[in-house]
Amino acid sequence: MSFVEELRLPDLVRPFIRKIASYEGPPIHIMEVCGTHTVAIFRHGLKGLLPPAVKLLSGPGCPVCVTPNEVIDRAIALAAVPGHILVTFGDMMKVPGSYSSLAQAKAEGADVRVVYSPLESIQLARENRSKIVIFFGVGFETTAPTTAACLVEARSASLRNYFFLSAHKLVPPAIGALLTSGDVHVDGLICPGHVSAIIGSKPYEFIARDHGIGCVVTGFEPVDILQALSLLVEMRTSGRPSVVIGYRRAVRPEGNVKAQELMRTVFSVGSSVWRGIGEIPGTGLSLSDEYEGFCATRHLDVKLRPVREAAGCSCGEILRGVKSPPECRLFGTACTPEYPVGPCMVSTEGTCAAWYRYSPSTGAGSGGSSERGA
Amino acid sequence: MSVSHSRVLLAHGSGGKLASELLSTIFLPPFANPILKTMDDSAVCPFMDEVSTSGGKEPLEIRVAFTTDSYVVKPLFFPGGDIGRLAVCGTVNDLSMVGANPRYLSAAFIVEEGLPTSCLRRVVGSMKKAAREAGVSIVTGDTKVVERGSVDGLFINTAGIGLVPPGRKVSGALVQEGDSVILSGPVANHGISVLLERERMGFVGTVQSDVAPLNHLVSRMFETCPNLRALRDPTRGGVATSLVEISRQSGVTIRIFEEKIPIDPDVAGACEILGYDPLYVANEGKLLAFVPRAEAPLVVEAMRSIEQGRGAVVIGEVTGGPDARVLMTTRIGGTRVVDMLSGGQFPRIC
Amino acid sequence: MCLAVPAKVVSLEGEKALVELGGIVHQADTRLVPEVKVGDYVLLHAGFAIESLDEGEALETLRLLEELVKAEVA
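Worth saying up front: this structure is predicted, and the values here are computed from it rather than measured.

## Some words on the overall build of chain C
From N to C terminus, chain C includes one helix and five strands. Walking chain C from its N terminus toward its C terminus, one meets helices and strands in the order β-β-β-β-β-α. On C-alpha atoms alone, chain C measures out to a radius of gyration of 15 Å, which is more than a quarter above the 11 Å that the 2.2 N^0.38 rule sets for 74 residues. Overall, chain C is about 50 × 25 × 25 Å in size when its C-alpha atoms are taken along their principal axes. Residue burial in chain C is summarised as follows: out of 74 residues, 53% are buried.

## A closer look at the sheet that holds strand β6 (residues 137–146) of chain B
Residues and elements named next belong to chain B. Read across the open sheet, the five strands follow the order β1-β2-β7-β5-β6; overall the sheet is mixed. Both outer strands of the open sheet, β1 (43–53) and β6, are each paired with one neighbouring strand and no more. Within this sheet the neighbouring strands show an average axis-to-axis angle of 20°, counted without direction. Across 10 bridges, strand β5 (residues 101–112) lies against strand β7 (residues 154–164) in antiparallel orientation.

## A closer look at the pairing of β1(B)
Residue and element names in this part refer to chain B. Within β1, only one of the 11 residues are buried, which leaves it mostly out in the open. Relative to strand β2 (residues 56–71), β1 runs antiparallel, the two being bridged by 11 bridges. Directly across from V44, in β2, lies its bridge partner A65. Hairpin connection of β1 to β2: two residues between the antiparallel strands.

## What about the interface of chain A and chain B?
Opposite the 51 residues of chain A that make contact, chain B presents 32 residues. Elements that contribute at least two residues to the side of chain A that touches chain B include exactly α2 (35–43), α4 (102–107) and α15 (351–358) of chain A. The greatest single-element share of the side of chain A that touches chain B, amounting to four residues, is contributed by α2(A). Looking at side-chain class alone, the side of chain A that touches chain B contains 24 nonpolar, 19 polar and eight charged residues.

## Overview of the nonpolar core
Core analysis: the biggest nonpolar cluster contains 261 residues, and I134(A), V42(C) and A49(C) have the highest contact counts within it. Here the element with the most residues in this core is helix α10 (residues 222–238) of chain A; it accounts for nine residues. Leave out the neighbours within four places in its chain, and I134(A) touches L78(A), H84(A), L86(A), V87(A), F163(A), L165(A) and A296(A).

## Digging into the confidence of the model for chain C
The predicted coordinates of low-pLDDT regions are not to be read in fine detail. Of all residues in chain C, 99% have pLDDT values of 70 or greater, and the mean over the chain is 93. For this predicted complex, the interface confidence comes out at an ipTM of 0.95, alongside a pTM of 0.91.

## Quick notes on the domain arrangement of chain A
It is common to report an interface's size as the accessible area lost on association of the parts. All names here are of chain A. Taken domain by domain, chain A comprises domain 1 (10–59 + 176–242), domain 2 (69–170 + 256–299) and domain 3 (315–358). Using C-alpha coordinates to define each centre, domain 1 is positioned 31 Å away from domain 2. On the domain 2 side, the residues contacting the six residues of domain 1 number nine residues. Among the elements that make up the side of domain 1 that touches domain 2, the one with the highest residue count is helix α8 (residues 193–199) (five residues).

## Observations regarding helix α11 (residues 257–266) of chain A
Note on helix geometry: an α-helix contains 3.6 residues per turn, so any two residues three or four positions apart are oriented the same way. Within the sequence span of α11(A), burial applies to A259(A), L262(A), M263(A) and V266(A). The buried residues of α11(A) occupy an angular sector of 100° when the element is viewed end-on, so they sit on one face. Among the exposed residues of α11(A), those pointing more than 90 degrees away from its buried face are V257(A) and R264(A). Structurally, α11(A) contributes buried residues whose contacts are with α6 (144–156), α8, β10 (267–274) and β11 (278–287) of chain A together with β5 (48–53) of chain C.

Thresholds applied
Residues numbered from 1 in each chain as written. Chains lettered and ligands numbered in written order. Predicted model: local features only at pLDDT ≥ 70, side-chain atom pairs only at ≥ 80, totals over all residues. Helix = DSSP H or I, 4+ residues; strand = E, 2+ residues; numbered from the N terminus. Rg over C-alpha atoms; globule rule 2.2 N^0.38 Å. Buried ≥ 20, exposed ≤ 12 C-beta atoms within 10 Å, placed from the backbone. Pairing = 2+ DSSP bridges. Axes fitted to C-alpha atoms, helices over the stretch in contact; angles between N-to-C directions. Contact = placed C-beta atoms within 7 Å. Nonpolar A, V, L, I, M, F, W, Y, C, P; charged D, E, K, R; others polar. Core = buried A, V, L, I, M, F, W, Y, C linked by C-beta atoms within 7 Å. pLDDT = per-residue confidence, 0-100. Domains from an automatic or database assignment. Arc of directions from axis to C-beta.

As structure tokens, then:
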């Protein structure tokens, strides 16, 4: 069992496509929380296989998209200091802040390094003792344990030249804030598979219990997503919402306890600002007292220009599922992947980027209208 | 805010949209001429001559294909090849893509002070070998040495010329509805090979680059199918970018089938781990061919008889449709748009 | 947000594993999954094994899916 090949056989999706296609009730709005799901849905052309009554909305699950300009500006400012090495995941390179991006800063001479693993930042700190290495920690609960592990290593190696800029966020309370806001009408949630591999399924129980909305913790193969959609349609029809783990091969109800413990040691939870949504309590990870010495914001002084937001950018509404990309007046004209105004367009899993690239009706090269969905 | 491109970014060299923008805003307008505008892999330059026949003198048009490319690959040596092999094959292939028979190359070297001469010898030896494989001669060249730090070890520029046989017309602008799209073999080997060699990123083991001369393959293809419409080697920007370029040149919709696209399992694995889309990764020993549908099976069979075409397969077709775009039927029967590469790809966690 | 791929553990030394996917081998730090053994499958994310995959569940999932397909055809 390779866990991949067998599940990619095209035949496996047919029963679900047929089941969903047979739905004839009132419109159902299903939100996929996770950006990776947004991209998977588009890459496999799933929307076109669904009946019109089943509508998909994208949620705020793109950690790149929800990082506010202020944090990006700080990362750029830190990178620009001579003697600093700013280390980042590739995802953040092209994202525009108030005035620039990390890619632009690199072009202007800042020492910015892209890594696949945060472990490489530890290596860089060891090899460049005369420089200050700052790791830009973006990502949700999937990634936070990996940066936490690096900080533990930095501490035990007494690395004096290693610092951390945290942009980590937590997902479940953000979903709660979104549902409570009443801004968006959601009948079912496709919950992030890999975040849940870490946190388990329990954190979503309040959604079914308090909001009456079904949740399926979903993997990323087309068959996983279609199975989840089928289950959510059924839950809605039967009026019995619950939390179900669809991605059983990777997610246990209790999640990865070791990873959770590591996060609790290295990070403390507070509120954080989500671009377009605002401050949400209980969603930000900053360094705990024990690890506070690594905090770049605290210990590395940089001057920031006034933070500003791009005029006309609808990323906030798109992240909340209130608007779809074609409904943003900048979409495809002033805002494209080459000249992104907001992060939803430039992030590899940003809703606007996915829509722009992949959607047959409004995607690149089409003369399509600005209708929702493909 | 809109990030202004007041400076040249690395993304401008990645062969995607930003690269073509650089071209269209900075280079093409001042140099404007009809040959340049065709934007195929090589320029086809007509020379008029006269030939004596029994009826007197008749005009004769000789078409010289002419191309140039600079090679700045890092690292200089990678599994399956090196900068020298790349420099010869890249130019040979660009000539082949317009239907020319490559004959003569130039090679100009910009060497960083301090480069070991053994390294230079090794590169030159590799170029000799590649030239012999392709049946071309390197007939002129130049060498410059620059101060330490000015270039990364070694940069090479090659230019090449060859004749396009009379009557042969091959161009990305000639593709028609009903044509079949053929890919000569598995994708993404070169880009992944070089990336893994340059930045380990935790990978163990190597992937072989596919860098190879394609002129013998192309000759065989023309023997079988003189009506070949278009050829393109999907280098920087990958198969996707080449297909989009052609769809725009000819103003057609191209539909490809995800399940038909060949990829080696280790290359697929590396792409999955890094989050790279193999359709956008560079190839240096592959070609895309557009042929009339009826002739596709024969062409594929002919290709498979040549080393470089062993993995040849039909991956799609040119359909009707008012828009010049590329659509892909996904493995599960959905449809998605295939766009050009925007800037470079980066390894990602999301 | 969650690019993680299944890979098979082919060697293990302390907390450093080598994992394999499609024949390509990659380093994976296993401190988040200390119970993992050679032959297990893990989810590889950012150079770490973030969770081990349950083969039993995967086979069960596949079995159920295949049954649904058979029922369709019938």
